[in-house]
Amino acid sequence: MSTKKYLIDTLKATEKSEFDNIVKTYLSEIYSYKRIVNTDGVNDGGIDIKVFDVHGAKNQYQLTVQKSETTAEKHAFEKKLFDDVAKAQNNYKENGYSNVLFFFHSYPLTNKTINEYKAKALRDYGISLTIIDAKQIAEEAEEYLQLLNEIVATNNIRDILKEENLFPKDDKNLVFDLLSFGKASDVRLQIIEAYILRQVHLKKELTKEEIIEICEQQFKSQENKVFYDKLLSRLYSEKKIISYDGKYILTESESKKISGLIGQNEIEETAFINLLLEILKKYKQEDNIEEYLSELKKVYITNFNSDISEIISEGGKDLSSISRDFLQFLTSKGFLEGETKEIAKELFIVCKQNAYLQKFCAAKVFSETTRIKNIERYINTQKRVFVDTQIILYALCYFYNPKSEFSNYFYTTIKSLLNFVDKNKIKLFLPSNYLWEAQSHLREALNLVPFTNLPNFEKLGRSRNVFYNFFLSERKLYDSDLTYKDFFKTFGFKENDKYTKHNLLIEKYISKLGIEVIKIENQFYDIEESKRIIQTILYNDNKFKSKFGLNNDAIILEYLTDGDVDVHPLQPLLLSWDKVLFKSQKEYFKKNPTSERWFLLTPGRFIDQYSLLQFSIDSETVTNEILAFLSNDLIQGTHSLLDSITHILNPTEEVGLQYTNRLSEIRDNEIHRLKEQSISLPEDIEGEAVIDDLMYNLTSHYREDKDNFEDFKNVFKNIELLDEVTQIIKRAIEDIYTTNKFSDDIIVSFEKLIDKVSKP
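Just so it is clear, the model here is predicted, and its values are computed rather than measured.

This part takes up the pairing of strand 10 (residues 428-431). Regular strands place their side chains on alternate faces of the sheet. Burial along strand 10 is two-sided: Leu 428 and Leu 430 facing one way and Phe 429 and Pro 431 facing the other are all buried. Sheet topology places strand 9 (residues 385-387) next to strand 10; 2 bridges connect them, and they run parallel. Across the sheet, residue Phe 386 finds its bridge partner in strand 10, namely Phe 429. Where strand 10 and strand 11 (residues 515-518) come together, 4 bridges link them in parallel fashion. Each bridged residue has a counterpart across the sheet, and for Pro 431 the counterpart in strand 11 is Ile 518.

This part is about the packing of aromatic side chains. Enumeration over the complete set of coordinates arrives at 45 aromatic pairs. Residues Tyr 31 and Tyr 33 carry aromatic rings whose centres are separated by 5.8 Å and whose planes lie at 20° to one another, so their mutual orientation is stacked. With relative accessibility at 31%, the residue Tyr 31 sits in the partly exposed group. Between Phe 386 and Phe 429 the ring centres are 6.0 Å apart and the planes differ by 45°, which places this aromatic pair in the tilted class. In this pair, Phe 386 sits in strand 9 while Phe 429 sits in strand 10, placing the two residues 43 residues apart along the sequence. You'll find Phe 386 and Phe 429 in the same group, each marked buried. Between the NZ or CZ atom of Lys 120 and the centre of the ring of Phe 82, over which it lies, the distance is 4.4 Å. One Lys or Arg, Arg 597, reaches over the ring of Phe 589 and ends 4.2 Å from the middle of that ring.

Moving on, we come to the nonpolar core. Core analysis: the largest hydrophobic core is formed by 118 residues, its most contacted members being Phe 467, Phe 488, Ile 515, Phe 606, Phe 716 and Phe 750. If we skip the residues at most four places from it in the chain, Phe 467 touches Leu 393, Leu 396, Cys 397, His 441, Leu 442, Ala 445, Phe 487, Phe 488 and Phe 491. Core analysis: the second largest hydrophobic core is formed by 27 residues, Leu 7, Val 23, Ile 137 and Leu 147 among them.

Rules behind the numbers
- Residues numbered from 1 in each chain as written.
- Predicted model: local features only at pLDDT ≥ 70, side-chain atom pairs only at ≥ 80, totals over all residues.
- Heavy atoms only, no water.
- Buried < 20%, exposed > 50% of the residue type's maximum accessible area, 1.4 Å probe, protein only.
- Helix = DSSP H or I, 4+ residues; strand = E, 2+ residues; numbered from the N terminus.
- Pairing = 2+ DSSP bridges.
- Phe/Tyr/Trp six-rings, centres within 6.5 Å; stacked < 30°, edge-to-face > 60°.
- Lys NZ or Arg CZ within 6 Å of the ring centre and 35° of its normal.
- Core = buried A, V, L, I, M, F, W, Y, C linked by side-chain atoms within 4.5 Å.
- Contact = heavy atoms within 4.5 Å.

Next up, the structure:
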């Protein structure tokens, strides 16, 4: 049952006095009239309501609850209507009223009928008639809270329920925007955000300190500034709150939304009970509605993690298995064994159509059955939280300077993560294959050293390398004389050191941050299926991973699904920003439905969800005034010319320097054209310029095969090919601006150059 239909049915059932109040509220809400008086009576002169506001005083107002559904009722209604129109004509001519008549009707009329009545009133009586029927009132009520509440208040559904504790007020909730029922931390997060929004709604304005205080009192929590800063920042970015003079208030749209949802909750409850009553009346069971509601609640609370919708579609056998107690209850009410399944299906279909009962039970489950101490013990003693390469890279930057103000989303998030896990004594683990990836990224950073010695190396653009970008920030913020080489010297990393030494240093540094390296025996896992899954996603998303990176991710997929309790006592959790990994996990579970499950979160999401463990939500918190909302982190990466050419050029040699300068000129020219808007960057380009993506794709293509890559690099060691290489790259850039896609023509051109270089 839709909200609008429910409101129309309620209006049709109103008494005259009830409809009087609804009309007065309508005039107050829609037209902003303040001085409204009911004058209906024997000698009312054809005026049921008078408005004493200046701009509405001369208009005429009539209302009726007379039925207009059958043919006889329509004729009677029409006579009543035009009797009132005739009175309005007399008031216009004799008593100084305007010729405007507002006529309110508690039943719906068709648009055709309304137009016919209005035409007749103007033609035959000179009256400008406005008919406001039940349909229009219901539509307006969905937008105006006071009007909606006035209509709902006329429904006596509460009188049907003798037991108030079936849906006690303090246990109701407004979890209308839930995406799913089954993730405790998500629901808990929504409850906490909703509680804060509702408190700001009630108190008009709150400081951050006041918000923390009321949450500590309500949820019995310990103060967690990281959590509150993130939460308030998210609510602000989602335009739910604004800040002024150190205080938070709701935005106008959010305030209106909360007010509307408060009334909406009451409607959903009433509509649900009405639907239930319709079924029970068929079986003469309406007097037992309290018992039916109580038993249905037990089913949902007891079996909350099961998808009731699937059970309905799969037939009676599964329905019987999920709730034998409910079927036995139906038998106790006089139904035969064959009948119980049919009525049970009808009742569950009502629950599916109107999700009110599910929402109510969701709140009860999470407020009453979740024990914070048990969860904390579960996490702190057994669950292991793993991190991937990118997190380690930013953790190393934090280790270099914990007080750094590096303005980078990833860095600030990892800074918050490390502070959070330290405070909450949560240990992090790094799989050993990701340690090698971190060392490889470090090696690439060290390869940039020669380029930073060039006079105009900035023209080569930004790098994706974490250490390089962190160095630029440190130099800008703290030491303008800091060289890239000195930066690494302070760090302890040297260009000519062995890989193993770099690994030992990385492991030493991160261990001081509370991160332990876990050795993974790669030979234990068959990674072919996992590799195919990742490769398919990379192909579909037009992304690239090196063979080394691809194998590492495939190993992690298999390692985290390892069902050996000695490996994973409980389901492990991996922190990552890698979108491909998120998609791969989902696809892996789809192809392997019986495999062990593991969790995958972004670091920011991890802080949010584990911060919720500070809260002890009780049933009094889950009230009918609570709203809930979700948020997600969206992360994006870029391609870089500088990163690409470090694999193929050596700027300390004359040939490498000339190629570097030529590529720098091409890029600088493209950036200039973009800035003056003579060209526009194609939509799918991830770098700052097309040359960034072009060189990334080109080098990635050849790096897949070691021999081919060496042949490719030899092209850039031949000074005689400089002009030809330049023209090929320029032509490829223009083609991308024209066609919006990367063409294989550049590969064909470079294959010819490789043949030319290879010939003796």
